[in-house]
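Examining the three-dimensional arrangement
Residues per chain are reported as follows:
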Amino acid sequence: MNDTSTVTNFIGGEYCEPRSGNWLDNIDPARGVVAGRVANSGRDDIEAAVTAAESAFARWSQLPMARRALVLNRIADGIESRLDELAAAECLDGGKPITRAKTIEIPRAASNFRYYAAAATQFSSEFHDSIGHSAINYTVRQPLGAVACISPWNLPLYLLTWKVAPAMAMGNCVIAKPSELTPRTAYLLGEICNEAGLPAGVLNIVHGEGASAGQAILEHQRIKAVSFTGGSETGKHVASVVAPQLRKFSLELGGKNPNLIFADCDYQKALQTSVFTAFANQGQICLCGSRILIEQSIYETFKQDFIERTKQLVLGDPGLESTQIGALVSKPHFEKVCEYLELARSGEGGAKVLCGGRPATVDGFEQGYFVEPTIIEVATNQCRLNQEEIFGPIVTLMPFTDEQHAIELANDVSFGLSATVWSNQNDRVMRVSRAVDAGVVWVNTWLMRDLRTPFGGMKSSGVGREGGVDSLRFFTEPKNVCISY
Ligand code: TXE
């Protein structure tokens, strides 16, 4: 494995130490020890990245689409050929199970490049025939220039490439800022891009904290657009800085997603998938179904079966292939999640802990940030446990009486990212999926992703959509040309 113990910036095709001279400790969350250091960039670093992006823009944006697509496909090849190394880096940085990194997250990063290489070459824009006015209108979509992609720690390379790939495919040059908590795979991506023949300056990766590197990006006047994924509070801050400057932004934020189990569902499938929906990546996915709402008639049975299945999950060393639950990403996040456990134990909202409920200890990893998969029964939806995004291996259970009640509970939160509906009745599925406040609804499945579909949330879960043509449109400026004849 290449040495990732010192993570430097990647600007203009070269690795470089931060001009700020500042570094952060990079902590291994499974062991709770310092495992390396990462650049903590400041304004001068962002300025250098923007300058490199601007210098590369004229050439990159004028390359034939097929040539750009070829480079993107080569980057995908590079990711695939370094699967083990990237998965190990992701596992070390985030404490996530190696099997998850190897079979889901790193392959998806390669798919992001492949998908957008193809999508950009198949993209078309609008044409309007102004019949009766002897005019035609066609819309040109031009790249923006230097754009920023700010991504979080929960699915590091997966979410970074989900933004970077469409931005580059459409001819933009990128300033990418990965989370300071999980920088290693982005660091390796620079080398992969060079090997793939990506011209210098098309992708610049600048590391550091939100308050320094992130803030400098938001305030940089020559960055034309900001694509952000992270917490809702940070998202509001991003909007408050970028919107008054009238620059483009898109926000993919948190969720408190309902998982609705109707009595007429395929019970075994709903049960089995719900365990995954609740605890995948230690519950640190914005799409996790953290509020399980169950029809009264099957509530007790489902509750018992769900507890039993959850107890079978294997928590432990993230580096072992058999591990299903690893560590949380950081000490502050672990402490935040532990506060919710205390809230549950104190009986907030009539809470009763049915399973787990405490930090977990793992032999050989005594200082690690592990939490038991936890199931809490709550008596009301109006409690912090059911209203706030915990982002850990914690789910709540609550019964509902009928379809209307289920919809009311589902929508009774400030978030609106995703919802899952389990039912075999077509009419019900159609009614409920239309009625729930969510940008993404899964019926009888979870996290099945077709990269062509719009992805994002309503309410506090975000502004705008990613995926498919939405990303291609976001990273371009539409210009209508009207020709009279
Ligand atoms: O994310 P932040 P945090 C939720 C989850 C979690 C909470 C906070 O509930 O507990 O958010 O997590 C950068 N200007 N999600 O604090 O801060 C930061 O460096 C510019 C949901 O770790 O939102 C990182 O690169 N950038 C979520 C990115 O924003 C700033 C995934 C996300 O970090 C910045 C992660 C600033 N002022 C957390 N401050 C999801 N939707 O998937 C921070 N950043």
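Report follows, based on the coordinates. None of the values given here were measured: they were computed from a predicted structure.

As a further point, take the site of the ligand. Near the ligand there are 27 residues, and of these W153, E180, G231, K336 and E389 occur at the shortest range. In the environment of the ligand, a nitrogen atom lies 3.2 Å from a nitrogen or oxygen atom belonging to the side chain of Q215. Burial of the ligand by the surrounding chains reaches 85%, relative to a free accessible area of 810 Å². The cavity where the ligand resides is the largest pocket. Secondary-structure elements contributing two or more residues to the shell around the ligand are α7 (210–219), β11 (225–229), α8 (232–242) and α11 (331–345).

A word on empty space enclosed by the protein. All chains considered together, the criterion is met by 4 cavities of 30 Å³ or more. Considering only enclosed or pocket space, the largest cavity measures out at about 100 Å³ in volume. Looking at the largest cavity, the residues that line it are R108, L155, Y158, L159, W162, I285, C286, L287, L447, R449 and F455. Take the lining of the largest cavity: its biggest share by element is 3 residues, from helix α5 (residues 156–169). Residues of the lining of the largest cavity, tallied by class, amount to 9 nonpolar, no polar and 2 charged. Within this model, the second largest cavity holds a volume of roughly 80 Å³.

The set of residues buried in helix α14 (residues 426–435) consists of R428, V429 and V432. One side of α14 carries all its buried residues, which in axial view fall inside an arc of 100 degrees. Residues N426, D427 and R434 are exposed on α14 and point more than 90 degrees away from its buried face. The inward-facing, buried residues of α14 abut β13 (258–261), β14 (291–295), α13 (403–411), β19 (418–422) and β20 (440–443).

Sheet strands pair by backbone hydrogen bonding; their relative direction is either parallel or antiparallel. One open sheet accounts for 7 strands, arranged β15-β16-β17-β14-β13-β19-β20; its pairing is mixed. Of all strands in the sheet, those bounded by a partner on one side alone are β15 (352–355) and β20. The mean angle between the axes of side-by-side strands here comes to 25 degrees, regardless of whether they run parallel or antiparallel. Direction of pairing for β13 relative to β14: parallel, over a ladder of 4 bridges. The residue of β14 that forms the bridge with P258 is R291. Contacting β13, β14 and β17 (394–400), α13 runs over the sheet at an angle of about 150 degrees to β17.

We now examine the nonpolar core. Among the nonpolar cores identified, the biggest contains 101 residues, and I75, I79, F113, M168, L189 and L203 are the most heavily contacted of them. Sorting elements by how many residues they give to this core places helix α4 (residues 98–122) first, with 11 residues. Residues contacting I75, with those up to four places away along its chain left out, are F113, M168, L189, I192, C193, A196 and L198. Listed in part, the 31 residues of the second largest apolar core include L260, F334, L341 and A410.

It is worth spelling out the environment of A344 at this point. Note on placement: A344 falls in helix α11. Taking C-alpha positions, A344 is 33 Å from N424, a pair spaced 80 residues apart along the chain. For A344, the contacting residues outside a window of four places in its chain are A351, V353, I376 and L385.

Across all of its chains, the model carries 29 salt bridges by this definition. Residue E85 pairs with R82 through a salt bridge whose shortest N-O separation is 3.0 Å. Exposure class is identical for E85 and R82. Each is buried. Notably, a salt bridge pairs R82 with E195, separated by 3.4 Å at the nearest N-O pair. Within this pair, whereas R82 is found in the loop between α2 (65–81) and α3 (83–94), its partner E195 is found in helix α6 (residues 184–196), the two being separated by 113 residues in sequence. Judged by relative accessible area, which is 11%, R82 ranks as buried. On the basis of relative accessibility, which here comes to 57%, the residue E195 falls in the exposed class. Several salt bridges converge on common partners, so that one network encompasses R82, E85, E191 and E195.

Residue alternation in strand β16 (residues 374–377) divides its side chains into two sets, T374 and I376 and I375 and E377, and both sets are buried. Inspection of the sheet shows β15 paired to β16 by 3 bridges, in the antiparallel sense. Paired with C355 across the bridge in β16 is I375. Bridge analysis of β16 against β17 gives 4 bridges, and the strand direction is parallel. Bridge assignment links I376 to a residue of β17, and that residue is T396.

Analysis parameters
- Residues numbered from 1 in each chain as written.
- Predicted model: local features only at pLDDT ≥ 70, side-chain atom pairs only at ≥ 80, totals over all residues.
- Heavy atoms only, no water.
- Near = heavy atom within 4 Å.
- Polar contact = N/O pair within 3.5 Å; in protein donor to acceptor, adjacent residues only side chain to side chain.
- Areas by Shrake-Rupley, 256 points an atom, 1.4 Å probe, with all protein chains shown as cover.
- 1 Å grid on protein atoms, 1.4 Å probe; cavity = no way out; pocket = protein on both sides within 12 Å on 5 of 7 lines; lining within 4 Å.
- Sits in = over half its atoms within 2 Å of the grid points.
- Helix = DSSP H or I, 4+ residues; strand = E, 2+ residues; numbered from the N terminus.
- Points joined across faces, edges and corners; volume = space filled by probe spheres on them.
- Nonpolar A, V, L, I, M, F, W, Y, C, P; charged D, E, K, R; others polar.
- Buried < 20%, exposed > 50% of the residue type's maximum accessible area, 1.4 Å probe, protein only.
- Arc of directions from axis to C-beta.
- Contact = heavy atoms within 4.5 Å.
- Pairing = 2+ DSSP bridges.
- Axes fitted to C-alpha atoms, helices over the stretch in contact; angles between N-to-C directions.
- Core = buried A, V, L, I, M, F, W, Y, C linked by side-chain atoms within 4.5 Å.
- Salt bridge = Lys/Arg side-chain N within 4 Å of Asp/Glu carboxyl O.

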